[in-house]
Amino acid sequence: MELTDTPTEAAFRAEAQEWLRANVPATPLPSGDTREGFARHVEWEKQLFAARWAAVSWPARYGGRDASLWEWLIFEEEYYAAGAPQRVTQNGIFLLAPTLFDFGTPAQQDLLLPRIAAAEDLWCQGWSEPEAGSDLAGITSRAVRDEAAGGWRLTGQKTWTTRGAFCTHLFGLFRTDPTAQRHRGLTYFLVPLDTPGVTVRGFGRLDGDEGFAEVFLNDVFVSDSAVLGGVNEGWRVAMATTGSERGLTLRSPGRFLSAADRLVELARSRRLSSRSRDRVVRSWINARAYQLFTLRQVSELLAGRQPGARSSLNKLFWSELDIDLHATALDLLGPAAELDGPWSRGFLFALSGPIYAGTNEIQRNIVAERVLGLPRA
């Protein structure tokens, strides 16, 4: 593989660098998991869209640049290197949109994709329920056909909906055939949160941020156009979304390359023991290894080979890498770690990585059974 930029890619990188230098806020925005911070981040997302940086690899007719996956990775590198704000539209752009490209009707794509890119529709993910977390097939929220009205009536509860307190729409799974086996009889729905019968109740986290929400649905009517990918085909469609969540799109290497570089800068400002130096070097190397791992995956995608269950390897890699980078930084900071906001808050968030997008215990089972072919325990 040629790891240097082509002339076209070098020009793309230079354009991205120039725009980011001129436009990234000089003062970090408030947390996107607070109401004020989320609103400020949405303003930033609209600025990205106006300059066609919101979704660079999308077709131009949907607000993108028709950029290649290689160029998308370049933009991600430069975005994080510039210290740009977190992407509060990530559920729409990085999770739902790839699923829409694969399973959406032309009408759904033409309606929804431009609004996602423009941060006009803000999506949260309706997966988890009180009795169904990593066991996604255990959901009990249901959808009942209303033939007379030409649609569906949704009832149930979704929980741990990240930034759900601030979003406008929800995508999620509902059981449409209660007599079917666990992984069957599920349908993927797209639900506006201002629909009558929807109640969104935000709740705070231990760090004080309020973005999490519970979503209650009581006889919520949605039309047939709210179905993505076919009735009772929800598991297949959802696996495409979880593949994006665990794999390439949600956690690009740029995020960790930037953190590794900041870790090295921190290390240079301190007298280190040999043990600490080794930890810094290992963390830096692992971030580069994840980059190479991702480049190989992109090569596979461009050759027409989907990652499938191998996306679980991505999830294991980036979630544990994130913890290691931040834990190493806190070790270097020592007692001052509690006073250093970016590294300490980053560490607290990194601890959730092995849990969301499917717990790492589940991911190891998937790798063992579906990638390595080992028997079920």
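1. Examining the overall build of the chain
Okay, step 1: Scanning the chain from N- to C-terminus turns up 11 helices and seven strands.
Okay, step 2: Relative to the globule expectation of 21 Å for 377 residues, the C-alpha radius of gyration of the chain, 21 Å, shows essentially globular dimensions.
Okay, step 3: The buried share among the 377 residues of the chain stands at 50%.
Okay, step 4: Look at the contacts in the chain between residues 6 or more apart in sequence, and 72% of them connect residues 24 or more apart.
Okay, step 5: When the accessible area of the chain is evaluated, it comes to approximately 17,800 Å², of which 54% is carbon and sulfur surface.

2. So, the pattern of salt bridges
Okay, step 1: If you walk through the whole model with that rule in mind, you get 24 salt bridges.
Okay, step 2: Between Arg 13 and Glu 78 there is a salt bridge, with its nearest N and O atoms 2.7 Å apart. Of this pair, Arg 13 sits in helix α1 (residues 7-23) while Glu 78 sits in helix α3 (residues 69-81), and the two are 65 residues apart along the sequence.
Okay, step 3: For the salt bridge of Glu 233 with Arg 236, the shortest nitrogen-to-oxygen distance reads 3.3 Å.

3. Observations concerning helix α4 (residues 90-103)
Think of an α-helix as 3.6 residues a turn; residues three or four steps apart then line up on the same face.
Okay, step 1: Spanning 14 residues, α4 covers 19 Å between terminal C-alpha atoms, matching the ideal 20 Å at 1.5 Å per step.
Okay, step 2: A maximum bend of about 40° is found in α4 at Leu 96, where proline Pro 98 lies one to four positions downstream.
Okay, step 3: With 10 of 14 residues buried, α4 is to be regarded as a mostly interior element.
Okay, step 4: Along α4, the residues classified as buried are Gln 90, Asn 91, Gly 92, Ile 93, Phe 94, Leu 95, Leu 96, Ala 97, Thr 99 and Leu 100.

4. Digging into the packing of aromatic side chains
Okay, step 1: On inspection of all chains with the given rule, the structure shows 26 aromatic pairs.
Okay, step 2: Measuring from centroid to centroid gives 5.9 Å for Tyr 79 and Tyr 80, while their planes differ by 80°, and the two rings are edge-to-face.
Okay, step 3: Classification of Tyr 79 as buried rests on a relative accessible area of 1%.
Okay, step 4: Its relative accessible area of 22% is what places Tyr 80 among the partly exposed residues.

5. Focus on the pairing of strand β1 (residues 123-126)
Okay, step 1: What you see with β1 is no split at all: Trp 123 and Gln 125 on one side and Cys 124 and Gly 126 on the other are buried throughout.
Okay, step 2: As paired elements, β1 and strand β4 (residues 169-175) share four bridges and run parallel to each other. By the bridge assignment, Gly 126 is partnered in β4 with Gly 172.

6. A look at the environment of Phe 38
Okay, step 1: Along the chain, the position of Phe 38 falls in helix α2 (residues 35-50).
Okay, step 2: Counting along the chain gives 278 residues from Phe 38 to Leu 316, while the straight-line C-alpha distance between them is 28 Å.
Okay, step 3: If near-sequence neighbours (up to four positions away) are discounted, Phe 38 is found in contact with Ser 31, Gly 32, Val 88, Leu 122, Arg 163, Phe 166 and Cys 167.

7. A look at the pairing of β4
Okay, step 1: For β4, the buried fraction is high: seven of the seven residues fall into the buried class.
Okay, step 2: Burial of the side chains of β4 extends over both faces: His 169, Phe 171, Leu 173 and Arg 175 are buried on one face and Leu 170, Gly 172 and Phe 174 on the other.
Okay, step 3: Pairing geometry for β4 and strand β5 (residues 186-192), over seven bridges, is antiparallel. Along β5, the bridge assignment pairs Gly 172 with Phe 189.

8. Observations concerning a nonpolar patch on the surface
Okay, step 1: Together, Leu 313, Val 371, Leu 372 and Leu 374 line one region of the surface with nonpolar side chains, adding up to about 320 Å² of accessible area.
Okay, step 2: Structurally, Leu 374 can be placed in the segment after α11 (360-371).

9. Quick word on the packing of helix α9 (residues 311-333) against helix α10 (residues 341-350)
Okay, step 1: As a packed pair, α9 and α10 sit with axes 9 Å apart at the nearest point and diverge in direction by 145°. For the element pair α9 and α10, the recorded crossing hand is left-handed. Residue-level contacts link Asp 322, Ile 323, Leu 325, His 326, Ala 327, Ala 329, Leu 330 and Leu 333 of α9 to Trp 343, Ser 344, Gly 346, Phe 347 and Ala 350 of α10.
Okay, step 2: When grouped by side-chain class, the residues that make up the contact of α9 with α10 number nine nonpolar, three polar and one charged.

10. Quick notes on the environment of Phe 94
Okay, step 1: Its place among the elements puts Phe 94 in helix α4.
Okay, step 2: Distance from Phe 94 to Gly 104, taken between C-alpha atoms, is 15 Å for residues 10 residues apart in sequence.

11. Looking at the nonpolar core
Okay, step 1: Formed by 48 residues in total, the largest nonpolar core has its most connected members in Trp 53, Trp 58, Leu 96 and Tyr 188.
Okay, step 2: It is α4 that provides the largest number of residues to this core, a total of six residues.
Okay, step 3: Those residues in contact with Leu 96 that lie beyond four places of it in its chain are Asn 91, Ile 116, Trp 123, Phe 171, Tyr 188, Leu 190 and Leu 228.
Okay, step 4: Residues Val 88, Ala 119, Val 191 and Ala 213 belong to the second largest nonpolar core, which totals 25 residues.

12. Remarks on unusual backbone geometry
Okay, step 1: Phi is positive for Arg 52, close to 65°, though the residue is something other than glycine.
Okay, step 2: The partly exposed category is assigned to Arg 52, whose relative accessible area is 40%.

The rules behind these values
- Residues numbered from 1 in each chain as written.
- Predicted model: local features only at pLDDT ≥ 70, side-chain atom pairs only at ≥ 80, totals over all residues.
- Heavy atoms only, no water.
- Helix = DSSP H or I, 4+ residues; strand = E, 2+ residues; numbered from the N terminus.
- Rg over C-alpha atoms; globule rule 2.2 N^0.38 Å.
- Buried < 20%, exposed > 50% of the residue type's maximum accessible area, 1.4 Å probe, protein only.
- Contact = heavy atoms within 4.5 Å.
- Areas by Shrake-Rupley, 256 points an atom, 1.4 Å probe, with all protein chains shown as cover.
- Salt bridge = Lys/Arg side-chain N within 4 Å of Asp/Glu carboxyl O.
- Expected span 1.5 Å × (residues − 1).
- Bend = angle between axes of the 7 residues up to and from the residue.
- Phe/Tyr/Trp six-rings, centres within 6.5 Å; stacked < 30°, edge-to-face > 60°.
- Pairing = 2+ DSSP bridges.
- Patch = residues over 30% accessible without salt bridge, like charges linked within 9 Å, V, L, I, M, F, W, Y side chains within 5 Å.
- Axes fitted to C-alpha atoms, helices over the stretch in contact; angles between N-to-C directions.
- Left-handed = near helix turned anticlockwise from the far one by under 90°.
- Nonpolar A, V, L, I, M, F, W, Y, C, P; charged D, E, K, R; others polar.
- Core = buried A, V, L, I, M, F, W, Y, C linked by side-chain atoms within 4.5 Å.

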